[in-house]
Amino acid sequence: MPTRFDVITLFPDLFRILLDQGVTGRALARGLAELHLWNPRDFTHDVHRTVDDRPYGGGPGMVMKVEPLREAIQAARAAAPQSRVAYLSPQGRVLDQAAMLEIAACPGWILLAGRYEGVDERLIESHVDEEWSIGDYVLSGGELPAMVVMDAVIRLLPGALGHADSARQDSHMDGLLDCPHYTRPERIEEGSVPSVLIGGDHAAIKRWRLRQALGRTWQRRPDLLKRRGLSEAERTLLDEFILAHRE
Ligand SMILES: CN1CCN(C(=O)c2nonc2N)CC1
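Criteria and cut-off values
Residues numbered from 1 in each chain as written. Predicted model: local features only at pLDDT ≥ 70, side-chain atom pairs only at ≥ 80, totals over all residues. Heavy atoms only, no water. Salt bridge = Lys/Arg side-chain N within 4 Å of Asp/Glu carboxyl O. Helix = DSSP H or I, 4+ residues; strand = E, 2+ residues; numbered from the N terminus. Buried < 20%, exposed > 50% of the residue type's maximum accessible area, 1.4 Å probe, protein only. Near = heavy atom within 4 Å. Polar contact = N/O pair within 3.5 Å; in protein donor to acceptor, adjacent residues only side chain to side chain. Areas by Shrake-Rupley, 256 points an atom, 1.4 Å probe, with all protein chains shown as cover. Nonpolar A, V, L, I, M, F, W, Y, C, P; charged D, E, K, R; others polar.

(A) Spatial organisation of the pattern of salt bridges. Under the criterion given, the structure shown has 17 salt bridges. Note that Asp20 is salt-bridged to Arg16, the shortest N-O span being 3.0 Å. A residue pair is termed a helical-turn pair when its members lie 3 or 4 positions apart in one helix, as Asp20 and Arg16 do in helix H1 (residues 16–20) at four residues. A relative accessible area of 44% places Arg16 in the partly exposed class. Measuring nitrogen to oxygen at the nearest pair gives 2.8 Å for the salt bridge that ties Arg211 to Glu240. With Arg211 in helix H9 (residues 202–220) and Glu240 in helix H11 (residues 232–245), this residue pair connects regions lying 29 residues apart in the sequence. Glu240 sits in the partly exposed class, given a relative accessible area of 35%.

Now the structure itself:
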């Protein structure tokens, strides 16, 4: 059963980037996921196809009107009755990898990509199930956040990646940052590849990669390590990393 994404957006052409290439392009072409686009302007009934208006109470910018969004959401819900509605905004739950796993477990999502100053609060209160943020900064619209969510989720779908292990070894999988990566040539002016990776001892390589992941997480994101906790074996590997990197 493909994971279905219905995106409500004034700029559907922006989503070509997901369709044309890469992991998302292949997954969509193979039917692992589906993407349907709904433009609120197609749900207007006035000659100017009005989707926004001035904010009550004054202030800068424009606010997206309820009616076109309501009708677009209703059309998407009719086409995707199992999907929940999520609005991308800085006021939402900040998403991490664990959240992406939760999102990937659902059959489908109707993603509302807002523009301008945002959408009329009555639309959110009446028609939106969840509100998500991709981080504490302000963007020009919800399209890039919607694409970020779709990219992160699609690569988690079974069969989406060339090598099933890739997803599990991605950064932030298993709650750790990724280990360093190297490729040919072995020796260049910038340095040489760590010898353990050349040796072919797969158990040693696995230990080295986990030790590096633990050490880099300890160095760069101690908050992640605190949240995750460590097994006895992982504690030993981290101690080895700290000993080898002490000043
Ligand atoms: C109305 N529009 C304002 C800008 N915006 C965001 O900054 C955003 N969305 O999701 N995470 C974010 N950060 C999307 C919605």
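Moving on, there is more to tell.
(B) Region of the structure containing the site of the ligand. Taken together, 18 residues lie around the ligand, and Leu88, Ile134, Gly135, Tyr137 and Leu139 are the ones closest in. The contact in question runs from an oxygen atom of the ligand to an N or O atom on the backbone of Ser89, over 3.4 Å. Taking Leu139, its main chain carries an N or O atom lying 2.8 Å from an oxygen atom of the ligand. For the ligand, whose unbound accessible area comes to 360 Å², protein coverage reaches 96%. If you list the elements that add at least two residues to the shell around the ligand, you get strand S5 (84–94) and strand S7 (130–133). Take the shell around the ligand: its biggest share by element is four residues, from S5. Grouping the constituent residues of the shell around the ligand by class yields 10 nonpolar, seven polar and one charged.

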